[in-house]
Structures are given as C-alpha cells and as structure tokens.
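# Chains, contacts and geometry: an overview
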Amino acid sequence: MEIDIIELSERSAKFILSDVDTSVANGIRRAMIADVPNLAIEWLELYDNTSVLYDEQLGLRLALVPLTMHPDYVPESECTCNGEGCPSCTLNLRLDAKGPKTVYSGDIFSSDPNVRPADDNIPIVELKEGQNIMLGAIAHVGYGRDHVRWQAGVACGYKNMPDVIIENCDGCGHCIDECPRHIIEIKNDEAYISPENMIKCSLCRLCERACSLKPPAIQVSYDPRSFVFTYESDGSYSAKDLVLKAADVIENRAGKMAEILDKI
Amino acid sequence: MIPVRCFSCGKVVAAGWEEFKKRTEAGEDKGAVLDDLGITRYCCRRMLLSHIEMIDVISPYQ
C-alpha cells in the first residue's frame, strides 16, 4: 500500500492510495462516514423556549452542531459505568439566551474545556424581544451509522486513478473542445495531458467520442488498484486524525474477526 | 433559519451564512462569495442560494 498526499488542510484532504483493492478503499470510505466515534448532543432538558422554533427543531439544530472530539470519551455502551452516565461517556452543555439577539453555536457553554463547538458562528435561532431560551444538553459519543449528528466524515469519496493513453494523434483538437475539465492541450502537434492534469480527468470518455480517427487516438482507462481519495471533516476531528481513526476502526474489527476465526 | 448542514453531503453550511448574507446584500457576486467561503459542491451551494429567512414572517404569530 502506498499513500501520496496531494492536499492536507485542517478540514479537508486529498490523497492517492495505490496498490490496494477496491475493498480496502471502500472500507476506509465507509469507516470515515459511519464508524468513527464522535460527540454530539443527544438529549435536551428544556427549561424555557419561547423562540419561534419548536423544541424538536431546536434540538435538531443543536444536535447537528459539530463538537470537537476528545479521545477520552467513549460510547455509553462501551463505558465502564454500563450506560448509567459518567464523565467519560457523558458531557453536559448549557445554553442560556435572552432576546433580542441571534443565538450562535459559540454561545453554547460546555462543562469540559476540551470539548467545544467546532464552529462558533452557526446561527441556532434568532430571538426577538421577550423571547428566551434556557436549556441543558447532554452529549454522547455515537457512530455515523446511527444518526447524521455523529457523522464526522463529509463527502468522502474516491475515483480510480485516470490513465489516458494518446497514440497516433493527428492533432485536430476536437477532444480539447469537448473536454469538460479543460485538461487536454496540444504539444508537438499531438494532444497531451500533463501528469498534474491527469488526476482531474473524470473518466467521462467524451474525448474518445469526439476523436475523428477510427479507432480513437485517445483512449481513457484507469488503474484498478489506485484511487484518488477526497474527503472533508465536519470539524470534530482534523482531516488527518479522521482517516487515522478510520484505519484504527478497521484494524480493530479485523483483529476481532481473527479472534473469532481462531476459536472455530 | 438556515439549515445547519447540507441535506446531501452533511457539510456544515450554516457557518458561512452570515458572511454570505452580508456580502451578497452589499452587491457581491453570489458565486464568488461561495467560492471564497469554500463551499464548492453544488449540493452545498444550493443550500445557501435557495434559502429564504422566514423568522420575521413567523415571529408575530407566536
């Protein structure tokens, strides 16, 4: 397995994963979306809500606010307290606001200084004169497969590494006009795609159809064991930690599988 | 209120709403502002582009 990082920022990343099967790439993708443990608000204790939103709408909006994940937290079902609620599986938060003002995610007060909303400027609700909100919230660790509030990986996807072969080209330029990604150019009277542009190809094959030669001088293919991976994080993990955590999850599961097989 | 996340991909789009509203009301091109905010996919772009604030319409009837 080889990994070649193209872009890596706090919240998004792009890398080439090569020398692996599709199942490995897809396993990482699915783990990032569904199997990475994440913190999110699950329960509300509402003392006062005279805002224009119903309690349930307010609850959904608060639940979808990403909280920065701290590795000390574990899911309730895996906690030593057996789901009774203790500081390692339960986080208390509070939100008090008096109108007129717009309530932002940054106004949520967390009882743990290590965990806070990943974005401070998400509008929760706009309060008018005389409207108040007073609530306590309980956040738990969960998995993206159960609800979107726990989904840490956003827009995780991959495509096979494109490989466009150009042979016996007459340089007519029809493929250049047709390409929606504008990656083909003319070099030495032949169509040419530079290595940095090759990765942008969407494998649409419009260039093949536009070619006037029979068989087409330009042929689109891909490497079945190489993948261009792109994903974003919602802010609960950094992009780097997210993919590492996803790999950990897969490793743990594979370990458990091996244990089961040993017993048989 | 602007939905917190994109319906399709789950990206947190609400964080960019205030800036989007302020800048487009000042006359900037909507597409350019979205690019600036890093909202590149069309699923996320439609969340901001098609949003209408209803809170001032509803609030008198509470």
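About the cut-offs
Residues numbered from 1 in each chain as written. Chains lettered and ligands numbered in written order. Predicted model: local features only at pLDDT ≥ 70, side-chain atom pairs only at ≥ 80, totals over all residues. Heavy atoms only, no water. Helix = DSSP H or I, 4+ residues; strand = E, 2+ residues; numbered from the N terminus. Rg over C-alpha atoms; globule rule 2.2 N^0.38 Å. Buried < 20%, exposed > 50% of the residue type's maximum accessible area, 1.4 Å probe, protein only. Contact = heavy atoms within 4.5 Å. Areas by Shrake-Rupley, 256 points an atom, 1.4 Å probe, with all protein chains shown as cover. Domains from an automatic or database assignment. pLDDT = per-residue confidence, 0-100. Pairing = 2+ DSSP bridges. Axes fitted to C-alpha atoms, helices over the stretch in contact; angles between N-to-C directions. Buried area = accessible area lost by both parts, 1.4 Å probe. Salt bridge = Lys/Arg side-chain N within 4 Å of Asp/Glu carboxyl O. Polar contact = N/O pair within 3.5 Å; in protein donor to acceptor, adjacent residues only side chain to side chain. Nonpolar A, V, L, I, M, F, W, Y, C, P; charged D, E, K, R; others polar. Expected span 1.5 Å × (residues − 1).

Another point: the overall build of chain A. Per the secondary structure count, chain A includes six helices and twelve strands. At 25 Å, chain A has a C-alpha radius of gyration far larger than the 18 Å of a compact globule built from 264 residues. Here chain A holds 264 residues, and 44% of them are scored as buried. For chain A, restricting intrachain contacts to residue pairs at least 6 apart in sequence, the fraction spanning at least 24 positions comes to 72%. Put simply, chain A shows about 14,200 Å² of open surface, and 50% of that area lies on carbon and sulfur atoms.

Further remarks concern the domain arrangement of chain A. Once the domains are mapped, chain A shows domain 1 (2–34 + 154–168 + 195–202 + 214–231) and domain 2 (37–150). Computed over C-alpha atoms, the centres of domain 1 of chain A and domain 2 of chain A are 37 Å apart.

Once that is clear, we can look at the confidence of the model for chain B. Chain-level pLDDT for chain B is 91 on average; 98% of the residues reach the 70-or-more range. As a predicted assembly, this complex carries a pTM of 0.86 together with an ipTM value of 0.90.

Residue and element names in this part refer to chain A. Across the sheet, which stays open at both edges, the four strands sit in the order β1-β2-β12-β9 with antiparallel pairing between neighbours. The open sheet has two edge strands, β1 (2–8) and β9 (153–166), and neither has a second partner. Taking each pair of neighbouring strands and ignoring which way they run, the sheet shows an average axis angle of 30°. Where helix α1 (residues 22–35) meets the sheet, its contacts fall on β2 (12–18), β9 and β12 (218–233), and the angle it forms with β9 comes to roughly 155°. Helix α6 (residues 239–263) contacts β1, β2, β9 and β12 of the sheet and is inclined by roughly 105° relative to β12.

It is worth spelling out unusual backbone geometry at this point. Leave glycine aside and you will find that most residues have negative phi; peptide bonds, for their part, are mostly trans. Residue and element names in this part refer to chain A. In the segment running from Gly99 into Pro100, the intervening peptide bond is cis, with an omega of 0°. Relative to the elements of secondary structure, Pro100 occurs in the loop between β4 (90–98) and β5 (101–104). With a phi angle near 60°, Asp189 is a residue other than glycine that sits in the positive phi range. By secondary structure assignment, the location of Asp189 is in the loop between β10 (185–187) and β11 (190–192). We classify Asp189 as exposed; its relative accessible area is 63%. One non-glycine residue, Arg205, adopts positive backbone phi at about 65°. As for its position among the elements, Arg205 is in the loop between α4 (195–198) and α5 (206–210). Its relative accessible area of 39% is what places Arg205 among the partly exposed residues.

For the rest of this paragraph, the subject is the interface of chain B and chain A. Each partner contributes to the interface: chain B provides 18 residues, whereas chain A provides 24 residues. A combined buried area of about 1,800 Å² lies between chain B and chain A, and 58% of that area is made up of carbon and sulfur atoms. It is B:Met1, B:Val4 and B:Arg5 that lose the most area in chain B upon contact with chain A, and together they represent 34% of the buried surface on that side. At the junction of chain B and chain A, the tally comes to four salt bridges. Between A:Glu232 and B:Arg41 there is a salt bridge, and its shortest N-O distance comes to 2.9 Å. If you look at where chain B meets chain A, you find eight residue pairs in polar contact (both at pLDDT 80 or more). Taken together, the elements giving at least two residues each to the side of chain B that touches chain A come down to α1 (17–25) and α4 (55–58) of chain B. Split by residue class, the side of chain B that touches chain A holds ten nonpolar, three polar and five charged.

This next bit is on α6(A). Residues and elements named next belong to chain A. Helix length check: α6 (25 residues) gives 37 Å between terminal C-alpha atoms against 36 Å at 1.5 Å per residue, within 8%. Regarding α6, the residues found buried are Ala239, Leu242, Val243, Ala246 and Val249. Against β1, β2, α1, β9 and β12 lie the buried residues of α6.

Another aspect to go through is the pattern of salt bridges. All names here are of chain A. Inspection of the entire model under this criterion finds 17 salt bridges over all chains. Residue Asp21 is joined to Arg225 by a salt bridge in which the shortest nitrogen-to-oxygen separation is 2.7 Å. Remark: Arg225 occurs in strand β12 and Asp21 occurs in the loop between β2 and α1; sequence separation between them is 204 residues. What makes Asp21 partly exposed here is its relative accessible area of 43%.

Another aspect to go through is the pairing of β2(A). Residue and element names in this part refer to chain A. The buried fraction of β2 amounts to five of the seven residues, a majority that puts the element mostly inside the structure. Pairing between β1 and β2: six bridges, direction antiparallel. If you follow Ile5 over to β2, its bridge partner there is Phe15. Sheet topology places β2 next to β12; seven bridges connect them, and they run antiparallel.

Once that is clear, we can look at the environment of A:Gly106. All names here are of chain A. When you line up the elements, Gly106 lands in the loop between β5 and β6 (109–110). With a relative accessible area of 31%, Gly106 lands in the partly exposed category. Separated by 52 residues in the primary sequence, Gly106 and Tyr158 have C-alpha atoms spaced 34 Å apart.

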